[in-house]
Amino acid sequence: MISPQKEEYILTKAYIPEHIVSLMTLISKGEPLLIEDYLCFIKDNYLIFIGYPLEQAFTKGAFEAALKDVIRRHKPEYTWFIAPEMPDSFSQTCHKRESDNYYKLDLQELKIKSNLMQAVKKASGNLTFEIAKEVLKEHNELISEFLELENPSPLIRQLFLSMPDYVHHSSTAIVLNARSREGKLSAFYVVDLAAKEFAAYVIGCYSRENYVSHASDLLFYEMINLAKEHGKGYINLGLGVNEGIRRFKEKWGGVPFLRYEFCEYRRKDTGVFELTGC
């Protein structure tokens, strides 16, 4: 287990959303452990290993040794790990593999372009913005639509599916809603403020059925204001995911700043495994 003191230490060193212990504990349903300089989560027959060291510079050798040691000691049937680089010994044995980049928005240097402010102003005339602390059925409908279209990795899928429970139990998660004039949910963001240095954009979805132009721009602008109000230096915007999402983050000033590699490793092939089945 991780003590409150250790969790506070982790949050002062955190630089990716997966370093937020409360978030990952609720998603994984596992026990958080700090092993050497790495955070991981263990439950039953699976392991989630966050291969981004908290203090030391990343090296493939150190990460590979720590990962192999944890697998050897705990013998999980299923291991999911993320890291800036894929260890050579796992590159050919991953059952599923994905590559991407984390995106970052520096709030200290941010200057919002006039055309974006015009889009926000236009959206404000057609939408109502609200801050909430619940993920409801209407949010889940947008989440289901996103998952069907994108078919993301198991970790990302579980992240989305865990939102109702996560937001309900988290003291640092905020839901930003954009509603149409009829009161229907047009788009929403979930943002976490637990980390000391940054606000974490956790997920965002918009409705195809209740679509209102520039709803996402309005929420992005309000997310910036929220992060500044809480003294954050930057927003971790999460992964690029696809070309459309990457373009959206980049038009607001987001830049790729950290490589992301995902691997699903199976000690033995026992078929498809779902985190929710534990």
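See the structure above.
Residues numbered from 1 in each chain as written. Predicted model: local features only at pLDDT ≥ 70, side-chain atom pairs only at ≥ 80, totals over all residues. Heavy atoms only, no water.

### Some details on the overall build of the chain
Thinking step 1. When helices and strands are counted, the chain shows nine helices and eleven strands.
Thinking step 2. Scaling as 2.2 N^0.38, a compact globule of 278 residues should have a C-alpha radius of gyration of about 19 Å, and the chain matches this with 19 Å.
Thinking step 3. Reported as C-alpha extents along the three principal axes, the dimensions of the chain are approximately 60 × 40 × 35 Å.
Thinking step 4. Burial status across the chain gives 52% buried among its 278 residues.
Thinking step 5. For the chain, long-range pairs separated by at least 24 residues make up 72% of all intrachain contacts whose partners lie at least 6 apart in sequence.
Thinking step 6. Across the chain, the centroid of the 34 positively charged side chains sits 2 Å from that of the 38 negatively charged ones. (Helix = DSSP H or I, 4+ residues; strand = E, 2+ residues; numbered from the N terminus. Rg over C-alpha atoms; globule rule 2.2 N^0.38 Å. Buried < 20%, exposed > 50% of the residue type's maximum accessible area, 1.4 Å probe, protein only. Contact = heavy atoms within 4.5 Å. Lys, Arg positive; Asp, Glu negative; His and termini not counted. Charge placed at Lys NZ, Arg CZ, Asp CG, Glu CD.)

### Details of the packing of helix α5 (residues 137-150) against helix α6 (residues 154-161)
Thinking step 1. α6 packs onto α5 with a crossing angle of 165° between their chain directions and a minimal axis gap of 10 Å. Taken together, α5 and α6 sit at an angle that is classed as roughly antiparallel. As for how α5 packs across α6, the hand of that crossing is left-handed. Residue-level contacts link Ile143, Phe146 and Leu147 of α5 to Arg157, Phe160 and Leu161 of α6.
Thinking step 2. When the residues that make up the contact of α5 with α6 are grouped by side-chain class, the tally is five nonpolar, no polar and one charged. (Axes fitted to C-alpha atoms, helices over the stretch in contact; angles between N-to-C directions. Parallel < 35°, antiparallel > 145°, perpendicular 65-115°, else oblique. Left-handed = near helix turned anticlockwise from the far one by under 90°. Nonpolar A, V, L, I, M, F, W, Y, C, P; charged D, E, K, R; others polar.)

### Some words on α5
Thinking step 1. Its 14 residues place the ends of α5 20 Å apart at the C-alpha level, agreeing with the 20 Å of an ideal helix rising 1.5 Å per residue.
Thinking step 2. Those residues of α5 that sit buried are His139, Leu142, Ile143, Phe146 and Leu147. Axial view of α5: buried residues confined to an arc of 135°, hence all on one face. Exposed positions of α5 whose direction lies more than 90 degrees from the buried face are Lys137, Glu148 and Leu149.
Thinking step 3. Looking at the packing, one finds that the buried side of α5 touches α6, α7 (163-169), β7 (173-179), β8 (185-192), β9 (198-206) and α9 (243-251).
Thinking step 4. One or two steps after α5, the chain reaches Asn151, where phi turns positive at roughly 45°. (Expected span 1.5 Å × (residues − 1). Arc of directions from axis to C-beta.)

### With respect to the packing of helix α4 (residues 114-126) against helix α8 (residues 215-229)
Thinking step 1. At their nearest, the axes of α4 and α8 sit 8 Å apart, and the two run at 110° to each other. Taken as axis vectors, α4 and α8 run roughly perpendicular relative to one another. Mapping the contact onto sequence places Leu116, Met117, Ala119, Val120, Ala123 and Ser124 in α4 and Asp217, Leu218 and Tyr221 in α8.
Thinking step 2. Among the residues forming the contact of α4 with α8, the class breakdown is seven nonpolar, one polar and one charged.

### Overview of the state of the cysteines
Thinking step 1. Under the defined criterion, the tally for this structure stands at one disulfide.
Thinking step 2. A sulfur-sulfur distance of 2.1 Å marks the disulfide that ties Cys94 to Cys263. Every disulfide takes its handedness from the sign of the S-S torsion; for Cys94 and Cys263 that torsion is -115°, giving left-handed. Of this pair, Cys94 sits in the loop between β4 (78-83) and β5 (96-106) while Cys263 sits in strand β11 (residues 255-266), and the two are 169 residues apart along the sequence. The exposure classification of Cys94 matches that of Cys263, with both residues buried. (Disulfide = S-S within 2.5 Å.)

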